[in-house]
Amino acid sequence: MRGLFNVFSLGMDDLAAKLQKVGVKAEAVPYTSWSSLADSITAEFRAGNREPIILMGHSYGADTTISLARKLNENRIPVVLIVNFDPTAPDRVPPNVRRIINFYVPTDWGQPVEPGKKFRGRLSNLDESGKHGHFEIDKADELHRKAIAAVLQAVGRGAPRVKRPARHDQISEAPAQ
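Just so it is clear, the model here is predicted, and its values are computed rather than measured.

Participant: I tried to follow the overall build of the protein chain on my own but got confused; where do I start?
Facilitator: Helix and strand content of the protein chain: four helices and four strands. For the protein chain, the N- to C-terminal ordering of α and β elements is α-α-β-α-β-β-β-α. Pairs at least 24 apart in sequence give 61% of the contacts found in the protein chain among residues at least 6 apart. If you sum the accessible surface of the protein chain, you get close to 10,500 Å²; carbon and sulfur atoms cover 52% of it.

If you want it as C-alpha cells, here you go:
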C-alpha cells in the first residue's frame, strides 16, 4: 500500500517488483483501495483460496494495512504477516495477525504500533532513527531485504530446514527379495 497521493511511496513498487522476482505474487496499490482490497481478499478466501495473506505499506498505506487486517478479522480471515514502513496513525493490531514488523522513525511522523486486546502474535517495532527519514524509509534496500526474508519465511520458503535422520524405531525392515 502506497501512501499519500499515491506518489510518496514508490519504494513499495520497488519492493513489489523484488518480491515478484523471488516468486511471490505482489502488487503496489494506493492506500485508498484498502476496503475494496479487503472485500476482494474475503471473496477469494470464501471461494477456497488459502494462500498466505501478507500486507505491507508505507505512511498512510501502513496505517491502512492494519485497517484492512481488522476488516479481515471480522470474517475470521488470518493475516500471516504485516510489514509496515513508518505508519503515521496506526490502529491497534487485531488478533488475526500472526506477525507484524514495523519499521518507523519517531523523529518524523512515524509511530510504533500497539497490540489490540486479543492480539497474540509477534510484534516488532524497529526504530530506524538516524538511518532513514519518512520519505526514504520505504526505499531502503536493507529494509527491503529484511521484509523479503520475512515474507519468504511466512510462505514457507525461508531458511532451508535440516531434515532429521529417522529414529531406529521408525525404520521398517526392507522387504525380503
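Participant: I'm lost on helix α1 (residues 11–21) in this one. Help?
Facilitator: Helical geometry: 3.6 residues make up each α-helical turn, so side chains three or four residues apart lie on a common side. Among all positions in α1, only Gly11, Met12, Leu15, Ala16 and Leu19 are buried. Taken around the axis of α1, the buried residues stretch over an arc of 145 degrees, which confines them to a single face. In the core, the buried residues of α1 are packed alongside β1 (54–58), β2 (81–85) and α4 (141–154). Within two residues after α1, glycine 23 carries a phi angle of roughly 90 degrees, on the positive side.

Participant: So what exactly am I meant to see when it comes to the layout of surface pockets here?
Facilitator: Over the atoms, a rolled probe matching the size of one water molecule traces out where space is still vacant. By volume, the largest pocket is sized at about 830 Å³. Listing elements by their share of the lining of the largest pocket, those giving two or more residues are α1, α2 (34–46) and β1. Tallying contributions element by element places α2 first for the lining of the largest pocket, with five residues. In the lining of the largest pocket, the residues fall into 19 nonpolar, three polar and five charged.

Participant: What is the right way to read the packing of aromatic side chains from this model?
Facilitator: A ring pair, where both rings are aromatic, is described by two values, the distance of the centres and the angle of the planes. Counted according to the given criterion, the structure contains three aromatic pairs. Above the face of the phenylalanine 45 ring, arginine 50 is positioned so that its terminal group lies 3.7 Å from the ring centre.

Participant: Looking at this model, I keep getting lost on the environment of histidine 58. Mind explaining?
Facilitator: Looking at the secondary structure, you find histidine 58 in strand β1. Along the primary structure histidine 58 and asparagine 102 are separated by 44 residues, whereas in three dimensions their C-alpha atoms are 10.0 Å apart. The contacts of histidine 58, once residues within four sequence positions are left out, are Met1, Arg2, Gly3, Phe8, Ser9, Met12, Phe85, Asp86, His134, Ile137 and Asp138. Of the polar contacts made by the side chain of histidine 58, one reaches the backbone oxygen of histidine 134; its length is 2.7 Å.

Participant: Even after reading the chapter, I still don't get the packing of α1 against α4, so can you show me in this structure?
Facilitator: The description of two helices packed together rests on the angle between their axes and the distance between the axes. Axis separation between α1 and α4 bottoms out at 11 Å; the angle between their running directions is 45 degrees. Considered as vectors, α1 and α4 are oriented oblique to each other. In this structure, the crossing between α1 and α4 has a hand that is right-handed. Each of Gly11, Asp14, Leu15, Lys18 and Leu19 in α1 lies in contact with α4, whose residues at this interface are Asp141, His144, Ala147, Ile148 and Val151.

Participant: What exactly am I supposed to notice about α4 here?
Facilitator: With 14 residues, α4 should cover 20 Å at 1.5 Å per step; its first-to-last C-alpha distance of 20 Å lies within 8% of that length. Taken together, the buried positions of α4 are occupied by Leu143, His144, Ala147, Ile148, Ala150, Val151 and Leu152. The secondary structure elements touched by the buried residues of α4 are α1, β1, β2 and β3 (99–104). In the segment just after α4, glycine 156 is the residue with positive phi, at about 85 degrees.

Conventions and cut-offs
Residues numbered from 1 in each chain as written. Predicted model: local features only at pLDDT ≥ 70, side-chain atom pairs only at ≥ 80, totals over all residues. Heavy atoms only, no water. Helix = DSSP H or I, 4+ residues; strand = E, 2+ residues; numbered from the N terminus. Contact = heavy atoms within 4.5 Å. Areas by Shrake-Rupley, 256 points an atom, 1.4 Å probe, with all protein chains shown as cover. Buried < 20%, exposed > 50% of the residue type's maximum accessible area, 1.4 Å probe, protein only. Arc of directions from axis to C-beta. 1 Å grid on protein atoms, 1.4 Å probe; cavity = no way out; pocket = protein on both sides within 12 Å on 5 of 7 lines; lining within 4 Å. Points joined across faces, edges and corners; volume = space filled by probe spheres on them. Nonpolar A, V, L, I, M, F, W, Y, C, P; charged D, E, K, R; others polar. Phe/Tyr/Trp six-rings, centres within 6.5 Å; stacked < 30°, edge-to-face > 60°. Lys NZ or Arg CZ within 6 Å of the ring centre and 35° of its normal. Polar contact = N/O pair within 3.5 Å; in protein donor to acceptor, adjacent residues only side chain to side chain. Axes fitted to C-alpha atoms, helices over the stretch in contact; angles between N-to-C directions. Parallel < 35°, antiparallel > 145°, perpendicular 65-115°, else oblique. Left-handed = near helix turned anticlockwise from the far one by under 90°. Expected span 1.5 Å × (residues − 1).

Note that all results are geometric; they support no functional claim without further evidence.
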